[in-house]
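# Structural overview
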Amino acid sequence: MLNNTFALKGTFCYSKDPQNLIVRENAYLICKNGISEGIYDELPACFQGIPVIDHENKLIIPGLTDLHLHAPQYTFRGTGMDLELLDWLDTSAFPEEARYADLDYAQKAYQIFTEDLKRSPTTRACIFATLHPEATLLLMEQLENTGLKTMVGKVNMDRNAPSYLKEQDAVASATATRQWISDAADRHFENTFPILTPRFVPSCSDELLGFLSEIQQEFHLPVQSHLSENPGEIRWVKELCPDSLFYGDAYDRFNLFGKDQCPTIMAHCVYSTEEEIALIKKQGVYIAHCPQSNTNLSSGIAPAARYLREGLHIGLGTDISGGFSLSMLRAIADAIQVSKLRWRLIDPSLKALTLPEAFYMATIGGGSFFGKTGSFEKGYELDAVVLDDSSLPSPRPLPPLTRLERLIYLSDDRNIIQKFVCGNPIFSNTEDR
Ligand code: GUN
Ligand code: FE
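The rules behind each value
Residues numbered from 1 in each chain as written. Chains lettered and ligands numbered in written order. Predicted model: local features only at pLDDT ≥ 70, side-chain atom pairs only at ≥ 80, totals over all residues. Heavy atoms only, no water. Axes fitted to C-alpha atoms, helices over the stretch in contact; angles between N-to-C directions. Helix = DSSP H or I, 4+ residues; strand = E, 2+ residues; numbered from the N terminus. Parallel < 35°, antiparallel > 145°, perpendicular 65-115°, else oblique. Left-handed = near helix turned anticlockwise from the far one by under 90°. Contact = heavy atoms within 4.5 Å. Nonpolar A, V, L, I, M, F, W, Y, C, P; charged D, E, K, R; others polar. Core = buried A, V, L, I, M, F, W, Y, C linked by side-chain atoms within 4.5 Å. Buried < 20%, exposed > 50% of the residue type's maximum accessible area, 1.4 Å probe, protein only. Donors = N, O, S within 2.8 Å, 3.2 Å for Na, K, Ca; no water. Tetrahedral: all angles 85-135°; square planar, octahedral: opposite > 155°, others 65-115°. Polar contact = N/O pair within 3.5 Å; in protein donor to acceptor, adjacent residues only side chain to side chain. Expected span 1.5 Å × (residues − 1).

## Remarks on the packing of helix α11 (residues 328-345) against helix α12 (residues 355-367)
Axes are the key here: two packed helices are described by the angle between their axes and the distance separating the axes. Contact pair α11 / α12: the axes reach a minimum separation of 9 Å and the direction vectors enclose 135°. When the axes of α11 and α12 are compared, the pair comes out oblique. As α11 packs across α12, the resulting crossing turns out to be right-handed. Residues Met328, Ile332, Ala335 and Ile336 of α11 pack against Leu355, Ala358, Phe359, Met361 and Ala362 of α12. Classifying every residue of the contact of α11 with α12 gives nine nonpolar, no polar and no charged.

Here's what the structure looks like:
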């Protein structure tokens, strides 16, 4: 449908800014060459005769961006959650990730993940694979075929990891990364792109971070990693990097922290210090707030409302499988819930996130890492999710924002009946209903 013009008809809910959720009932959203031409109450004369996909009474929202998740960990989601981060990595994450040396296993596991992601409310995602280049390429191929827009990282880890899941040294890790970038380029993907992925400071030597910095500057790739997630991890980073002023400084020393044409996502930022927050803001680092993971791994509650209200770039992540749910609608609900606990128990001066704020983070907030995406305003790339709430009957008609709120708290994948990325249909459940 690319290079084509069509209209979606339905009731639209979307953000322009974090304060206001806009509703347009029974309106037409025009899509031209994958880009929104805006929303109209009536089909304008110049668009008469274009195909109209009529979703009548359905709600249509912008596609959601999952700014942080681990594809290989999808296999054990919902298990092993009695541990904190470092023990959980040793017990659950590392042994499972080691299995992806076996391409048959990777093929099966990533197929399950990819199919579920396709049917979720997510249209864009920044994804960690494992340290294995071949399995990472396989994941990229599968994601490419879904039509979703993704950034995928071959993970780098050359220290403080079990021998069965560690690259031999910094040179081996950098060499494998260069080969993976070259192999990915040869495949001419249109939807799936590489992102440099040093796992976190404890698993990357200074030498390796130095090599990754060179690679970043050579190929202009974005970067994703973890930051200030859990107390035990933060103590460890202090021991490992006595010269760093704070955790984020250990990345910044190697120019892997936002500035100088280095778009960067840091997951968590639960315990970022004032200095760290100032550098995140100054250098435009994106924060991936992962409330469900931070709860499951007993990490804590990030001051997400503060970050948003102070103008930092912040989106939401599921952090599969620190988080167990792949649903970004659920991530919106979780972000609101934990912000209420934080307000009540930790900081009475920081009011809880509102629904429009959390919705903004899941749409424009994270989506802007990909460019102009996450809204239906004219000029945005047209990613849309069509939601059917007929499985949630009500004895009286409900206003659109109430219907959206119920779907955020109560929906599952059955409520998602169609999805578009850049105007292209990704899947449709409409025939089944
Ligand atoms: N820090 C380093 N690796 C990981 C991981 O796989 N998950 C989470 N939540 N934090 C990490
Ligand atoms: Fe993570």
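## Some words on the nonpolar core
With 110 residues, the main nonpolar core has Phe113 and Ile127 as its most contacted residues. Non-local contacts of Phe113, meaning those with residues more than four positions away in its chain, are made with Leu69, Ala71, Tyr74, Ile127, Leu139, Leu143 and Leu326.

## Observations regarding the coordination of the iron ion (ligand 2)
Within the protein, the iron ion (ligand 2) binds to His68 (NE2), His70 (NE2), His226 (NE2) and Asp319 (OD); these donor distances fall in the range 2.0 to 2.3 Å. Around the iron ion (ligand 2), the four donor atoms are arranged such that angles at the metal cover 87 to 174°; this shape is classified as irregular. In primary sequence terms, the donor set of the iron ion (ligand 2) follows H-x1-H-x155-H-x92-D. Of this pair, His70 sits in strand β5 (residues 64-70) while Asp319 sits in the loop between β14 (313-316) and α11, and the two are 249 residues apart along the sequence. The same class applies to His70 as to Asp319, namely buried.

## Topic: the packing of helix α4 (residues 170-186) against helix α5 (residues 206-219)
At a minimum axis separation of 8 Å, α4 and α5 run at an interaxial angle of 20°. If you check the angle between α4 and α5, you find them roughly parallel. Crossing geometry of α4 relative to α5 is assigned as right-handed. Residues Ala170, Val171, Ser173, Ala174, Thr177, Arg178 and Ile181 of α4 touch α5, and the partners they reach there are Glu207, Leu208, Phe211, Leu212, Ile215, Glu218 and Phe219. Each residue belonging to the contact of α4 with α5 can be placed in one class, and the counts come to nine nonpolar, two polar and three charged.

## Details of the side chain of Ser321
By the element assignment, Ser321 lies in the loop between β14 and α11. A relative accessible area of 0% places Ser321 in the buried class. Within the structure, Ser321 has its side chain in polar contact with the backbone oxygen of Gln73 (distance 2.5 Å).

## Some points on helix α3 (residues 133-146)
Taking 1.5 Å of rise per residue, the 14 residues of α3 would be expected to cover 20 Å, and the 20 Å separating its terminal C-alpha atoms lies within 8% of that figure. A large share of α3 lies buried, amounting to ten of its 14 residues. Listed as buried for α3 are Ala135, Thr136, Leu137, Leu138, Leu139, Met140, Gln142, Leu143, Glu144 and Thr146. One or two residues past the end of α3 sits Gly147, with phi positive at roughly 90°.

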